[in-house]
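Structure assessment
Residues per chain, in single letters:
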Amino acid sequence: MKVTVVGAGNVGATCADVLAYREIVNEVILLDIKEGVAEGKALDIWQKAPITQYDTKTTGITNDYSKTANSDVVVITSGLPRKPGMTRDDLISTNAGIVKTVTESVVKYSPNAIIIVVSNPLDVMTYCAHITSKLPRNKVIGMAGVLDTARYRAFLADEIGCSPKEIQGMLLGGHGDTMVPLPRYTTVGGIPVTELVEAGKLNAIIERTKNGGGELVKLMGTSAWYAPGAAAAQMVEAIVKDQKKIIPVCIKLEGEYGINDCYLGVPAVIGKNGIEKVIELKLNAEEKALMETSRKHVKEVMNVLDGLAIA
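The following refers to the structure shown. In this text the structure is predicted, and so the values were computed from the model without any measurement.

Definitions and limits used
- Residues numbered from 1 in each chain as written.
- Predicted model: local features only at pLDDT ≥ 70, side-chain atom pairs only at ≥ 80, totals over all residues.
- Heavy atoms only, no water.
- Helix = DSSP H or I, 4+ residues; strand = E, 2+ residues; numbered from the N terminus.
- Buried < 20%, exposed > 50% of the residue type's maximum accessible area, 1.4 Å probe, protein only.
- Contact = heavy atoms within 4.5 Å.
- Pairing = 2+ DSSP bridges.
- Core = buried A, V, L, I, M, F, W, Y, C linked by side-chain atoms within 4.5 Å.
- Expected span 1.5 Å × (residues − 1).
- Arc of directions from axis to C-beta.
- Polar contact = N/O pair within 3.5 Å; in protein donor to acceptor, adjacent residues only side chain to side chain.
- Axes fitted to C-alpha atoms, helices over the stretch in contact; angles between N-to-C directions.
- Left-handed = near helix turned anticlockwise from the far one by under 90°.
- Nonpolar A, V, L, I, M, F, W, Y, C, P; charged D, E, K, R; others polar.
- 1 Å grid on protein atoms, 1.4 Å probe; cavity = no way out; pocket = protein on both sides within 12 Å on 5 of 7 lines; lining within 4 Å.
- Points joined across faces, edges and corners; volume = space filled by probe spheres on them.

1. Thoughts on the environment of glycine 142
Here glycine 142 is to be found in strand β6 (residues 140-142). Of the residues examined, glycine 142 reaches a relative accessible area of 0% and is grouped as buried. Residues glycine 142 and leucine 264, 122 residues apart in the sequence, show an inter-C-alpha distance of 8.7 Å. Residues contacting glycine 142, with those up to four places away along its chain left out, are Val117, Leu122, Thr126, Met235, Val249 and Cys250.

Shown next as structure tokens:
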């Protein structure tokens, strides 16, 4: 299978690097609009192959989508990163134009590709890519839940003093401070997290998770890239290897959770066809209320995009 990563910034380059050293595919195409950047980073990744022992070839391209033709999976990371004081929503106008243009080029040369969107604001950029591509909803997937649950699990691992590999978690909703972590569906080695972390600390971890991206922007002056890049690569692997992996992803809801025509994070089975099944959890009244708050926020930003008449 052929995988293309559009955007050779920190997130895109990290995604390509993870795909390479995990030997998920034979070749990864890395594309960017800035002359030489994708070529240089792809070459750097390939020169690491003898050191860390992998065979995957990385090829860099400057703005020539014809060389990405017939890609099976395309990861879109293009767009401006956040700066201190900016919300994800502040990026909407600039990044929507970028995502629209990229999506048009992707579909022109790879009409059957499954598209994974990483650009922010994530939920609305998934909307932008979906309506631009005119592909079925199962083939345009937003990467948010993998990253958000990873942050949640990492914070819990620190609190409990255990390996993050022992923690399974789930969250719903938008990518940002209206996301809906679900402690009821969080376990540590099969033990409910509520038996290991007291309520006050658990709530603090949930709040930290909601603001996990902003915390890193404040520390570094720009958006995160190691975890987001690896999260996108994990989604590619689930598709390429047809793993039927259950992970939270952003998709257009069509009645699930009582929601229509809104792009939100929900658990789904991911395999060779992209999203193969949306899993509908039974939420309690509090969780439903939080989900509705998240829906309203995302829908408001979707309306902003509609008003810009970009997509």
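2. Focus on the sheet that holds strand β10 (residues 187-188)
The antiparallel open sheet is built from 3 strands, whose spatial order is β7-β10-β11. Because the sheet does not close on itself, it has two edges, and the strands there are β7 (167-168) and β11 (191-192).

3. What to know about the nonpolar core
With 85 residues, the main nonpolar core has Leu19 and Ile116 as its most contacted residues. Looking at which element gives the most residues to this core, the answer is helix α8 (residues 226-240), with 8 residues. Those residues in contact with leucine 19, other than ones at most four positions away along the chain, are Val3, Val5, Ile24, Val25, Val28, Thr56, Ala233 and Val236. Ranked by size, the runner-up nonpolar core spans 11 residues in total, among them Phe155, Ile167, Val188 and Ile205.

4. Some details on helix α6 (residues 199-210)
In a regular helix each residue adds 1.5 Å, so 12 residues correspond to 16 Å; α6 covers 17 Å between its end C-alpha atoms and thus fits that length. Regarding α6, the residues found buried are Leu202, Ile205, Ile206, Thr209 and Lys210. Take α6 and look down its axis: the buried residues cluster within an arc of 140°, on one side only. Among the structural elements, α5 (145-160), β8 (171-172), β9 (180-181) and α7 (212-220) are those in contact with the buried residues of α6. Where α6 begins, the side chain of glutamate 198 points an oxygen toward the backbone nitrogen of glycine 200, at a separation of 2.9 Å.

5. Regarding the packing of α5 against α6
As a packed pair, α5 and α6 sit with axes 9 Å apart at the nearest point and diverge in direction by 145°. Taken as a pair, α5 and α6 cross one another with a handedness that is right-handed. Note on element contacts: α6 touches α5 through Lys201, Leu202, Ile205, Ile206, Arg208 and Thr209, opposite Asp148, Arg151, Tyr152, Phe155, Leu156 and Glu159. Along the lines of polarity and charge, the residues of the contact of α5 with α6 split into 6 nonpolar, 1 polar and 5 charged.

6. Some details on empty space enclosed by the protein
Per the stated rule, a full pass over the model turns up 1 cavity of 30 Å³ or more. The volume enclosed by the largest cavity comes to roughly 30 Å³. Of all the secondary-structure elements, those providing two or more residues to the lining of the largest cavity are α5 and β12 (245-254). Counting residues per element, the lining of the largest cavity draws most heavily on β12, at 3 residues.

7. Digging into helix α1 (residues 10-21)
For an α-helix, the turn length of 3.6 residues means that residues three or four places apart are oriented alike. Between its first and last C-alpha, α1 extends 16 Å over 12 residues, near the 16 Å set by a 1.5 Å rise per residue. Along α1, 10 of the 12 residues are buried, which leaves the element largely enclosed by surrounding structure. Buried residues of α1: Val11, Gly12, Ala13, Thr14, Cys15, Ala16, Asp17, Val18, Leu19 and Ala20, and no others. The inward-facing, buried residues of α1 contact β1 (2-6), β2 (27-32), α2 (37-52), β3 (57-62), β4 (73-76) and α8. Just beyond α1, the residue with positive phi is glutamate 23, at close to 50°.

8. A look at the layout of surface pockets
Looking at the largest pocket, its volume works out to about 840 Å³. In this structure, the largest pocket is lined by 43 residues; those nearest its centre are Thr77, Ser78, Gly79, Leu80 and Pro81. Those elements that place two or more of their residues in the lining of the largest pocket are α1, β2, α2, α3 (92-109), α5 and α7. The biggest single contributor to the lining of the largest pocket is α3, with 5 residues. Per-class residue counts for the lining of the largest pocket are 20 nonpolar, 17 polar and 6 charged. Empty space within the second largest pocket amounts to approximately 460 Å³. In terms of lining, the second largest pocket is formed by 19 residues, of which the most central are Val146, Thr149, Ala150, Arg153 and Gln234. Looking at the lining of the second largest pocket, the elements that each hand over two or more residues are α5, α8 and β12. Examining the composition of the lining of the second largest pocket, we find that 5 residues originate from one element, α5, more than from any other. Counted by class, the lining of the second largest pocket contains 12 nonpolar, 4 polar and 3 charged residues.

9. Examining the side chain of serine 71
Structurally, serine 71 can be placed in the loop between β3 and β4. Within the structure, serine 71 has its side chain in polar contact with the side chain of threonine 4 (distance 2.8 Å). Separated by 2.6 Å, the side chain of serine 71 and the backbone oxygen of threonine 68 make a polar contact. Excluding residues that lie within four positions of it along the chain, serine 71 makes contacts with Lys2, Thr4, Ser110 and Ala113.

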